[in-house]
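The residues making up each chain are set out below.
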Amino acid sequence: TVRTLDVTDHTAIRSLAKELEPTGIDVLVNVAGGATDADLIENANPDSWRKMFELNVLGVQQMIANFLPLLRASANKHGSADILTVTSTAAFTPYETGGGYNVAKYGAKAIMDVLRLELAGEPIRVIDIAPGMVKTDEFAMGRFGGDKARVEALYKDVENPLLATDVAEVIVSALELPPHVNLDHVTLRPVAQAAQHKLHRGPLGVKNSESNK
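Residues numbered from 1 in each chain as written. Predicted model: local features only at pLDDT ≥ 70, side-chain atom pairs only at ≥ 80, totals over all residues. Heavy atoms only, no water.

> Explanation requested: the overall build of the protein in the structure shown.
Within the protein, the regular secondary structure consists of six helices and six strands. Counted from the first residue to the last, the protein has its helices and strands arranged as α-β-α-β-α-β-α-α-α-β-β-β. Overall size of the protein, expressed as C-alpha extent along the three principal axes, is 60 × 45 × 30 Å. Looking at the protein residue by residue over its 213 residues, the buried ones come to 38%. Carbon and sulfur atoms form 55% of the exposed surface of the protein, whose accessible area is close to 12100 Å². (Helix = DSSP H or I, 4+ residues; strand = E, 2+ residues; numbered from the N terminus. Buried < 20%, exposed > 50% of the residue type's maximum accessible area, 1.4 Å probe, protein only. Areas by Shrake-Rupley, 256 points an atom, 1.4 Å probe, with all protein chains shown as cover.)

> Can you walk me through the nonpolar core in this structure?
Across soluble globular proteins, nonpolar side chains have a tendency to be buried as a group. In terms of nonpolar packing, the biggest core is built from 24 residues, with Leu28, Ile64, Phe67, Ile83, Leu119 and Ile124 touching the most fellow members. At the level of secondary structure, the elements contributing two or more residues to this core comprise helix H1 (10–20), helix H2 (46–78), strand E2 (81–86), helix H3 (99–118) and strand E3 (124–131). A total of 10 residues in this core trace back to one element, the largest contributor, which is H2. Once residues lying within four places of it in the same chain are set aside, the contact partners of isoleucine 83 are Leu28, Asn30, Ile64, Leu68, Leu71, Met112, Leu115, Leu119, Ile124, Arg125, Val126 and Ile127. (Core = buried A, V, L, I, M, F, W, Y, C linked by side-chain atoms within 4.5 Å. Contact = heavy atoms within 4.5 Å.)

> What am I meant to see in the pairing of E2 here?
Note on strand geometry: in a regular strand, side chains alternate between the two faces of the sheet. For E2, the tally of buried residues reaches six of six residues, placing the bulk of the element in the interior. Going residue by residue along E2, you find Ala81, Ile83 and Thr85 tucked away on one face and Asp82, Leu84 and Val86 tucked away on the opposite face as well. Note that strand E1 (residues 27–30) and E2 share four bridges and pair parallel. The residue of E2 that forms the bridge with valine 27 is aspartate 82. At this point the chain moves from E1, through H2, to the parallel E2, and the crossover so formed is right-handed. In this structure, E2 lies alongside E3, joined through six bridges in parallel fashion. Bridged to aspartate 82 within E3 is arginine 125. (Pairing = 2+ DSSP bridges. Right-handed = clockwise from strand over helix to strand, strands pointing away.)

> Help me understand the environment of histidine 180, please; the structure alone is not making it clear to me.
Mapped onto the elements of the fold, histidine 180 is located in the loop between helix H6 (164–176) and strand E4 (185–188). Sequence separation between histidine 180 and proline 123 is 57 residues, and the spatial gap between their C-alpha atoms is 8.2 Å.

> Would you take a moment to explain the sheet that holds E2 for this structure?
Paired through backbone hydrogen bonds, the strands of a sheet run either parallel or antiparallel to each other. Sheet architecture is open: four strands sit in the order E1-E2-E3-E4, paired in parallel fashion. Where the open sheet ends on each side, the last strands, each with one partner, are E1 and E4. Strand after strand, the sheet turns through a mean of 15 degrees between neighbouring axes, direction not considered. Contacts from H3 reach E2, E3 and E4, with the element oriented near 155 degrees to E3. Lying on the sheet, H6 is in contact with E1, E2, E3 and E4; it crosses E3 at an angle near 160 degrees. (Axes fitted to C-alpha atoms, helices over the stretch in contact; angles between N-to-C directions.)

> Explain the packing of H2 against H3 here, please?
Helices that pack against each other are described as a pair by the angle of their axes relative to one another and the distance between those axes. Where H2 contacts H3, the axes come no closer than 8 Å and their chain directions differ by 15 degrees. On the basis of their axis angle, the class for H2 and H3 is roughly parallel. Crossing handedness for the pair H2 and H3: right-handed. Across from Trp49, Met52, Phe53, Asn56, Val57, Val60, Gln61 and Ile64 in H2, the residues of H3 making contact are Gly99, Gly100, Tyr101, Val103, Ala104, Lys105, Gly107, Ala108, Ile111, Met112 and Leu115. In terms of residue class, the contact of H2 with H3 is made up of 13 nonpolar, five polar and one charged. (Parallel < 35°, antiparallel > 145°, perpendicular 65-115°, else oblique. Left-handed = near helix turned anticlockwise from the far one by under 90°. Nonpolar A, V, L, I, M, F, W, Y, C, P; charged D, E, K, R; others polar.)

> Is there a simple way to think about the packing of H1 against H2 in this case?
At a minimum axis distance of 9 Å, the contact between H1 and H2 shows a crossing angle of 20 degrees. As far as their axial angle goes, H2 and H1 are roughly parallel. For the element pair H1 and H2, the recorded crossing hand is right-handed. For the pair H1 and H2, contact is made by His10, Ile13, Arg14, Leu16, Ala17 and Leu20 and by Leu58, Gly59, Gln62, Met63, Asn66, Phe67 and Leu70, respectively. Looking at the contact of H1 with H2, its residues break down into eight nonpolar, four polar and one charged.

Quick look at the structure:
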């Protein structure tokens, strides 16, 4: 059964949690979020930052707060439960024109770090998955205000960028580990992206050892 929910609608979150009480849940995966601009801090639109904060921070907090009783019931019955949030490498590596998104994802990461401490002693895993560059046109279009040329330039000549399916596989892998194994924090990037500031464009290939001398 699929339910559609706006995570900025806190009343809707509470209603869904109430609706699912009879069946319960074993896992909560927070994926909703996104960037709504790529502006310098001095030019930032407060409404854009507010939207990112509501999605990435308040949405995550409200989902956790309302579904934690159901997860505790599941952990009590089955011995374990999981809370997983997809944050971003933007949550710990700032970059120019990413101020609002950095702030929002820093907030989401902080929620998970604090929650892990607050739930210490309970059989509930708290997992933070932080992707780097992922080729999702919808995300990039939102960040660049629908500027298709900027979206295409972002991914131009990047061999095998991560896709949403790659992130999904990492989520599944983390959740399928034995329940006593907790991946506190997982960073994943395409091989072409060595760091936030270092992205290789063009074919990947092994360097000639002679050229490295």
